[in-house]
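Inside the fold
Here's the letter readout for the chains.
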Amino acid sequence: MPDTVLLIPLANLLDVSVTELLMCERLPNDDVLKPDKVEDIVKTAITYADESPERAYHVKSKWIVFYGFSLLICCIGTFLNYTTAQPCMETLETLALLSAVFGAYFCCFVRTKLSSFYDENSVNIFYDGPFRMNVPGVKFNNRNWPHIVRTLRLSLCLYMILFPIINIVAGSIVADVWENIGKYVFLAMFLCGVLLPIYVVGKKYE
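Residues numbered from 1 in each chain as written. Predicted model: local features only at pLDDT ≥ 70, side-chain atom pairs only at ≥ 80, totals over all residues. Heavy atoms only, no water.

Side chains that differ in charge, positive against negative, can pair when their charged atoms come close. Following the criterion strictly, the structure yields 3 salt bridges and no others. Among the salt bridges present, the one from Asp 128 reaches Arg 55, with a minimum N-O distance of 2.5 Å. Placement of Asp 128 in strand β1 (residues 125-128) and of Arg 55 in the loop between α4 (35-50) and α5 (62-83) is noted, with a sequence separation of 73 residues between them. Here Asp 128 and Arg 55 have matching classes, each one buried. Residues Asp 128 and Arg 111 are paired through a salt bridge, measuring 3.6 Å at the closest nitrogen-oxygen approach. Separated by 17 residues along the polypeptide, Asp 128 in strand β1 and Arg 111 in the loop between α6 (89-109) and α7 (116-120) bring together distant segments of the chain. There is no split in this pair, since Asp 128 and Arg 111 are both buried. One network of salt bridges, in which partners are shared, links Arg 55, Arg 111 and Asp 128. (Salt bridge = Lys/Arg side-chain N within 4 Å of Asp/Glu carboxyl O. Helix = DSSP H or I, 4+ residues; strand = E, 2+ residues; numbered from the N terminus. Buried < 20%, exposed > 50% of the residue type's maximum accessible area, 1.4 Å probe, protein only.)

This is how it looks when you write it as C-alpha cells:
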C-alpha cells in the first residue's frame, strides 16, 4: 500500500497520528476506539491505497502543448533580458523557474482526479509525493479540483510568457523606476495569480 505509507510522513509533518489524519479529527489521549470505528478507518486506508491516480500525461491535453510553448517563450525572453542587462533579473529568474516547475506539475503530472477520501472528508491539504499544498479555508474535492487545476495551469503558463516581456519593456522604458519597484510588482502578481484563484474557484465550486 504505497499511498498509505505516504500518510506516515504527512502525519509526522502535521504532528498527528495516522489514525487522526484518516479521521480528520483530534483524538483525546485516553480515547479508546470502538471496533466499528477501527473498521471504518481500515476501509478508508485500503480504499485510498487501491486507487491508482490518473495523471495529466495519461490523457490527451492541450495544456501539455501550451506548457511547452510557454516554456520556450520564457527561455527566449529570459535570455534576451540577460543579454540586454535588464533590471530585476534575479526576481525574474526566480519566478520564471517557480512558474516552470509548478507549471510542469500542474500541466503534465497532476492528478486529474482526487481520491474519494477528499470527497468523504473535509480536507484542506493536498499531498502528492514531494508536492504539498495547504490552503486553510478551502476544502479540496472532485468538484472544485478540476477548476483549481485549470486556473493554476493558465496562471503559471501566462506568467512564463508575460514576466520576461514585462521586464524587458519596463526595463527599457523606465529603467530607474522599474529597478526599484519591479521585484515587488512581480511578487504581487505571482502571489495574487496563484493564491487568489485557488480561494475563488475553490470556494465557488466547493
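What follows deals with the packing of aromatic side chains. The tally for this structure, following the rule as stated, stands at 14 aromatic pairs. Pairing Tyr 105 with Phe 106 gives two aromatic rings, centres 5.1 Å apart and planes at 85°, and the pair type is edge-to-face. The exposure classification of Tyr 105 matches that of Phe 106, with both residues buried. Plain terms: the ring middles of Tyr 159 and Phe 163 are 4.7 Å apart, the flat faces sit at 10° to each other, and that makes the pair stacked. Of this pair, Tyr 159 and Phe 163 both sit in helix α8 (residues 145-173), 4 residues apart, roughly one helical turn. Neither residue differs from the other here; Tyr 159 and Phe 163 are each classed as buried. Site record: aromatic cluster; members linked through ring pairs are Phe 102, Tyr 105, Phe 106, Tyr 118, Phe 126, Phe 131, Phe 140 and Trp 145. (Phe/Tyr/Trp six-rings, centres within 6.5 Å; stacked < 30°, edge-to-face > 60°.)

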